[in-house]
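# Tertiary structure, described
Residues per chain, in single letters:
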Amino acid sequence: MTIRLGCIADDFTGATDLANNLVRAGMRVVQLIDVPAPGTPGPVDADAVVIALKSRTTPAEEAVEVSLRALDWLRSVGAEQIYFKYCSTFDSTRDGNIGPVTEALMDALGTDFTVATPAFPDNGRTVFKGHLFVGDVLLSDSGMRHHPLTPMTDSNLVSVLRSQSARPVGLIDHTAVAAGADEVLDRIEELRKEGFGAAIVDAVSNDDLVTLGAAVKGLPLVTAGSGLAIGLPANWGFEPSRAAAGLPEPAGLQAVVSGSVSTATNGQVREFLSTGRPAFSVDPLRIAAGEDVAGEALAFAARHLADGPVLVYSTETPDTVKSVQGRLGAAEAGELVEQTLARVARGLVDLGVRQLAVAGGETSGAVVRALGLTGLRIGPQIDPGVPWCAAALPGGDTLHITLKSGNFGGPGFFMDAFARLTASGEPA
Ligand SMILES: Nc1ncnc2c1ncn2[C@@H]1O[C@H](COP(=O)(O)OP(=O)(O)OP(=O)(O)O)[C@@H](O)[C@H]1O
Ligand SMILES: O=C(O)[C@@H](O)C(=O)CO
């Protein structure tokens, strides 16, 4: 078995998003949680491996270190091309981590040029003249300007990536992309000769991503959101297929854990609450005061789980989150909530939950680690970028789990997700 594509994703929801697009484009994909120990053999039945990291918001040196370890392992199992996956909203801290990780991977691979595009048109992320749009508005006018850990206030990705990189960053604009893969290749050669190390690439449609996919066939490293995954598998002759999306029959109780504070998740939580279904709100200030909020959430869930999905959420509007951060500190509040929700998720599984929806990338990282999951099998798509997955719990049971990126999914996502799992034999 040859591993064609080795992928390094900077968060857990992003990893399933990428794996989902690769599966839909015909590859067999294995998603691993964290970096396997050196010497661990590669999976036998996979064309692509996605390593899920939690490196988006860590200090840049830590993100670089873990990404290089992931690269070493992927190369040790023979990956032919490396894909560094970041967020479709280019989520960055002040120090990176997209630029530093990209440059470290380039150095390790001995390559002098790569591309960068977070475009994911199926989810409304488009890049034009180097500017990122989220739906109809610029990134800096979207809900991302209020993000608790990675607020994005500059839509010009060339300048964002320049501020994080030692190498010059250029642009391959839509005129080149619209002219086809050969024109993009010419532009890459031009930029390379002029001493650029990377280029933001415009893409406003899936066709643009297919063009870009063909053009970057020979690059050792590509960097992107999940959108570019639409265009890469064809380079090895893969064709879109649904064959890889089968999962075991779902069983057990259903629950949702939401630590995302994104605009879309706020709408989804409101929608869930409007159905009158049981929901428990996690208050960071009470956790900070030493109250056993996780214990209360689990006692609440234990009373209601038999009647259908229960929601445990810390999701709040930007103003409320800001005020909590003002009192506890942003990183401290985030960590407290993540650890509490991770404990809740573990307790829910102990109560018999075997179908779990988790909202938020950082939250998903904390939950998946707390549950001791080591790998995910990718199943049917619920909404663009969000598949159901199956994982083996340490005791051997199967857990169906979906990791929803903050801004993905329709308003009824939480209820739709369980319906979709039940009907998973049908086309997505
Ligand atoms: N009520 C709250 N007050 C302060 N911080 C919170 C609150 N609820 C959640 N958080 C923290 O905010 C962060 C949200 O990040 P997370 O990645 O989980 O969601 P997201 O950013 O909406 O999703 P994604 O990264 O997938 O777009 C987490 O660190 C979480 O613990
Ligand atoms: O690309 C995206 O938007 C998502 O996969 C993600 O990374 C959100 O955390």
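Everything numeric in this text was worked out from a predicted model, so none of it was measured.

### Some details on unusual backbone geometry
- With omega at 5°, the peptide bond leading from G96 into N97 counts as cis.
- With phi around 65°, D34 is a residue other than glycine that occupies positive phi space.
- Along the chain, D34 falls in the loop between β2 (29-33) and β3 (48-52).
- One non-glycine residue with positive phi stands out, namely K129, at about 50°.
- If you trace the backbone, K129 turns up in the loop between β6 (125-128) and β7 (131-134).
- We classify K129 as partly exposed; its relative accessible area is 46%.

### Focus: the packing of helix α10 (residues 293-304) against helix α12 (residues 330-350)
- Closest axis-to-axis distance for the α10/α12 pair is 9 Å, and the angle between their directions is 35°. In this structure, α10 meets α12 at a crossing whose hand is right-handed. Where α10 abuts α12, its residues A294, G295, A297, L298 and A301 lie against T340, R343, V344, G347 and L348.
- Along the lines of polarity and charge, the residues of the contact of α10 with α12 split into 6 nonpolar, 3 polar and 1 charged.

### So, the UniProt feature "domain: Four-carbon acid sugar kinase N-terminal" (unreviewed entry) in the chain
- Listed under "domain: Four-carbon acid sugar kinase N-terminal" (unreviewed entry) in the UniProt record, and renumbered for this structure, are residues 5-230.
- For residues 5-230, helix accounts for 35% and strand for 20%, while the C-alpha atoms at its two ends are 13 Å apart.

### With respect to the environment of G259
- Mapping G259 onto the fold places it in the loop between β12 (253-258) and α8 (263-274).
- Between the C-alpha atom of G259 and that of G42, which follows or precedes it by 217 residues, the distance is 32 Å.
- Other than its neighbours up to four places away in sequence, G259 contacts S314, L341, A359 and T363.

### Focus on the pattern of salt bridges
- Scanning all chains against the criterion turns up 19 salt bridges.
- Close ionic contact of D91 with R56 constitutes a salt bridge, the shortest N to O distance being 3.7 Å. Residue D91 is found in the loop between β4 (81-85) and α3 (98-109), and its partner R56 is found in the loop between β3 and α2 (60-76); the two are separated by 35 residues along the sequence.
- For the salt bridge of R343 with D292, the shortest nitrogen-to-oxygen distance reads 3.3 Å. Taken as a pair, R343 in helix α12 and D292 in the loop between α9 (284-288) and α10 lie far apart in primary sequence, 51 residues in all.
- Overall, the relative accessible area of 39% leaves R343 in the partly exposed class.

### Let's talk about the site of ligand 1
- The full set close to ligand 1 counts 24 residues, and H147, S260, S262, E338 and T363 are the nearest of them.
- Contact between ligand 1 and G334: an oxygen atom at 2.9 Å from a main-chain N or O atom of the residue.
- A distance of 2.6 Å is found between an oxygen atom of ligand 1 and a side-chain nitrogen or oxygen belonging to E338.
- Counting residues per element, the ones that place at least two in the shell around ligand 1 are α11 (318-328), α12 and α13 (361-370).
- Broken down by class, the residue content of the shell around ligand 1 amounts to 7 nonpolar, 12 polar and 5 charged.

### Structural notes on the site of ligand 2
- Taken together, the neighbourhood of ligand 2 is formed by D11, T13, G14, D17, R56, K85, Y86, C87, S88, S405 and F408.
- Here an oxygen atom of ligand 2 and a side-chain polar atom of T13 are 3.2 Å apart.
- For ligand 2, whose accessible area on its own is 270 Å², the fraction buried by protein is 95%.
- The leading source of residues in the shell around ligand 2 is helix α1 (residues 12-24), at 3 residues.
- A per-class count over the shell around ligand 2 returns 3 nonpolar, 4 polar and 4 charged.

### Remarks on the packing of α11 against α12
- Where α11 meets α12, the axes come as close as 7 Å, and the angle between the chain directions of the two elements is 105°. The orientation of α11 with respect to α12, classified from their angle, is roughly perpendicular. Across the interface between the two elements, V324, Q325 and L328 of α11 pack against A330, E332, A333 and L336 of α12.
- Within the contact of α11 with α12, the residues separate by chemical class into 5 nonpolar, 1 polar and 1 charged.

### What about the confidence of the model for the chain?
- Mean pLDDT for the chain: 94, with 98% of residues reaching 70 or above.
- Model confidence for the complex: the whole-complex pTM is 0.92, and ipTM, which rates the interface, is 0.97.

### As for the nonpolar core
- Membership of the largest hydrophobic core comes to 71 residues, with the highest contact counts inside it found for L22, Y83, L348, L356 and I401.
- Two domains each donate at least three residues to this core, and these are domain 1 (5-241) and domain 2 (246-420).
- With 45 residues, the next largest nonpolar core counts I51, A63, A70 and A116 among its residues.

### A closer look at the domain arrangement of the chain
- By domain assignment, the chain separates into domain 1 (5-241) and domain 2 (246-420).
- Centre-to-centre, using C-alpha coordinates, domain 1 lies 27 Å away from domain 2.
- Listed as interface residues are 27 residues of domain 1 and, on the opposing side, 33 residues of domain 2.
- For the pair domain 1 and domain 2, the two sides together bury roughly 2,400 Å², of which 58% comes from carbon and sulfur.
- Here domain 1 is connected to domain 2 by 3 salt bridges.
- The salt bridge involving K54 is made with E362; its shortest N-O contact spans 2.9 Å.
- Counting every contact that joins domain 1 to domain 2 gives 10 residue pairs in polar contact (both at pLDDT 80 or more).
- Counting only elements with at least two residues in the side of domain 1 that touches domain 2, the list comes to α1 and β2.
- Examining the composition of the side of domain 1 that touches domain 2, we find that 9 residues originate from one element, α1, more than from any other.

Definitions and limits used
Going along each chain's sequence as written, the residues are numbered from 1 onward. For this description, chains carry letters from A and ligands carry numbers from 1, given in the order in which they are written. Where totals are concerned, whole chains, interfaces and linings use all residues; where local detail is concerned, this predicted model gives features only for residues with pLDDT of at least 70, and gives and counts side-chain atom pairs only at 80 or more. Side-chain numbers come from the whole structure's heavy atoms, not from hydrogens or water. Runs of E in the DSSP output that reach at least two residues are strands. Runs of H or I that reach at least four are helices, and both are numbered from the N terminus. Exposed residues in this analysis have more than 50% of their type's maximum accessible area, buried residues have under 20%, and partly exposed residues fall in between, with area computed by a 1.4 Å probe over protein chains only. Every axis corresponds to a line fitted to the C-alpha atoms, with the helix fit spanning only the stretch in contact, and the corresponding angles, defined between N-to-C directions, vary from 0 to 180 degrees. It is the rotation of the near helix from the far one that decides the hand of a crossing: anticlockwise by less than a right angle makes it left-handed, clockwise makes it right-handed. Any two residues whose heavy atoms approach within 4.5 Å are treated as being in contact. Side-chain classes are defined by residue name, with Ala, Val, Leu, Ile, Met, Phe, Trp, Tyr, Cys and Pro counting as nonpolar, Asp, Glu, Lys and Arg as charged, and the others, Gly among them, as polar. UniProt positions are given in the numbering used here, feature names are shortened, and annotations may be inferred rather than shown by experiment. Salt bridges are defined as contacts in which a side-chain nitrogen from Lys or Arg sits within 4 Å of a carboxyl oxygen from Asp or Glu. By convention in this text, a residue qualifies as near a molecule or strand provided that one of its non-hydrogen atoms is within 4 Å of it. Polar contact is the term for a pair of N or O atoms within 3.5 Å; when the atoms are in protein, one must be able to donate a hydrogen and the other to accept it, and sequence-neighboring residues count only if both atoms are side-chain atoms. To measure how exposed things are, a 1.4 Å probe is used in the Shrake-Rupley method; for residues, cover is taken only from the protein chains shown. Here roughly perpendicular refers to angles of 65 to 115 degrees, roughly parallel to angles under 35, roughly antiparallel to angles over 145, and oblique to all remaining angles. pLDDT is a residue-level measure of predictor confidence that goes from 0 to 100. Only buried residues count toward a nonpolar core. Its members are Ala, Val, Leu, Ile, Met, Phe, Trp, Tyr and Cys residues joined through side-chain atoms within 4.5 Å. Each domain span listed reflects an automatic or database assignment of domains. Note on definitions: buried area is the accessible-area loss of two parts on being combined, 1.4 Å probe, summed for both.

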